[in-house]
Amino acid sequence: MSTRWYPIYQRGNPQLRVFLPNFWMKLVRPTEEQPANVVTFAVSTEMTKYDVKNYLEKIYKLPVVDVRTRIALGETKRDQTYGYVTKKDDVKYAYVTMPKTEAFTFPDIFVNKAEKQEKEEKSLDESKAGFRRFLDRNKKRPGTPGWYSI
């Protein structure tokens, strides 16, 4: 059953209503090494493997050979103070196998990550050097608070 709100029926033609399924799919980076033609998706728990196959073939025009699904149990956690148990939602994973001629590589979204990390390390080194200069300047005056400097 869909949770979407649809417009009320109106007399006359044409009926300007489109019924959309309440399905969603999210591309997931695999935790283990997989063949190049296997793609992992987190999907809506109501989707069957046939729904996943039709979704990818009809909407994205991807050739699909096989679909395997599994439901991962949500994480349970006990509250330390009150003792009640909370549980996260279960997640359904779909492993989609494409033909051997197709190869999927996970997109590298964070291309400038190395440059950004170098810049952050440089600013961290500068702040460490400034703090060392501050400590060296106040080394000859023990017991004097840090805000009381020249």
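To keep things clear, this report deals only with the structure shown in the data block. Computed from a predicted structure; not experimentally measured. As a convention, each chain's residues are numbered from 1 in the sequence order in which they are written. The predicted origin of the model limits local features to residues at a pLDDT of at least 70 and limits the giving and counting of side-chain atom pairs to 80 or more, whereas totals for whole chains, interfaces and linings rest on all residues. With hydrogens and water stripped out, all remaining heavy atoms of the structure feed into the side-chain values.

### Considerations on the pattern of salt bridges
Next up, step 1: Salt bridge, as used here, is a side-chain nitrogen of Lys or Arg placed within 4 Å of a carboxyl oxygen of Asp or Glu. Inspection of every chain in the model, using the stated rule, returns one salt bridge.
Next up, step 2: A salt bridge links aspartate 90 to lysine 87; its shortest N-O distance comes to 2.6 Å.
Next up, step 3: For every residue, the accessible area (1.4 Å probe, protein chains only) is compared with the maximum for its type, and the residue is labelled buried under 20%, exposed over 50%, or partly exposed between those bounds. The exposure class of aspartate 90 is partly exposed, given its relative accessible area of 32%.

### Regarding the nonpolar core
Next up, step 1: The biggest cluster of nonpolar side chains holds 11 residues, and these are Val39, Phe41, Val43, Met47, Val52, Leu56, Val64, Val67, Ala94, Val96 and Met98.
Next up, step 2: Numbering of helices and strands starts at the N terminus; helices are DSSP runs of H or I of at least 4 residues and strands are runs of E of at least 2. Among the secondary structure elements, those contributing two or more residues to this core are strand E2 (38-43), helix H1 (49-58) and strand E6 (91-97).
Next up, step 3: Excluding residues that lie within four positions of it along the chain, valine 43 makes contacts with Trp24, Met25, Val52, Lys92 and Ala94. For this analysis, a nonpolar core means a set of buried residues of the types Ala, Val, Leu, Ile, Met, Phe, Trp, Tyr and Cys, connected via side-chain atoms within 4.5 Å. Only heavy atoms matter for contacts: two residues are in contact if any of them lie within 4.5 Å across the pair.

### Some words on the layout of surface pockets
Next up, step 1: Here the largest pocket is characterised by a volume of approximately 180 Å³.
Next up, step 2: Buried and open spaces are told apart on a 1 Å grid over the protein atoms alone, a cavity being a set of points where a 1.4 Å probe fits but cannot get out and a pocket being an open set with protein on both sides within 12 Å along at least five of seven lines. Residues with an atom within 4 Å of a point are the lining residues. If you trace the largest pocket, you find 14 residues lining it, with Pro30, Gln34, Pro35, Val38 and Phe104 closest to the centre.
Next up, step 3: Ranked by residue count, the leading element in the lining of the largest pocket is E2, at three residues.
Next up, step 4: Here the lining of the largest pocket is composed, by residue class, of nine nonpolar, three polar and two charged. Grid points are joined across faces, edges and corners, and a volume is the space filled by probe spheres set on the points. Three categories are distinguished: nonpolar for Ala, Val, Leu, Ile, Met, Phe, Trp, Tyr, Cys and Pro, charged for Asp, Glu, Lys and Arg, and polar for the others, with Gly belonging to the last.

### Description of the environment of serine 44
Next up, step 1: Within the fold, serine 44 resides in the loop between E2 and H1.
Next up, step 2: Owing to a relative accessible area of 2%, serine 44 belongs among the buried residues under this scheme.
Next up, step 3: It is 5.7 Å that separates the C-alpha atoms of serine 44 and phenylalanine 23, two residues lying 21 residues apart in sequence.
Next up, step 4: Beyond its immediate sequence surroundings of up to four residues, serine 44 is in contact with Asn22, Phe23, Trp24 and Lys92.
Next up, step 5: Polar contact is the term for a pair of N or O atoms within 3.5 Å; when the atoms are in protein, one must be able to donate a hydrogen and the other to accept it, and sequence-neighboring residues count only if both atoms are side-chain atoms. In this structure the side chain of serine 44 is engaged in a polar contact, spanning 2.5 Å, whose partner is the side chain of glutamate 46.

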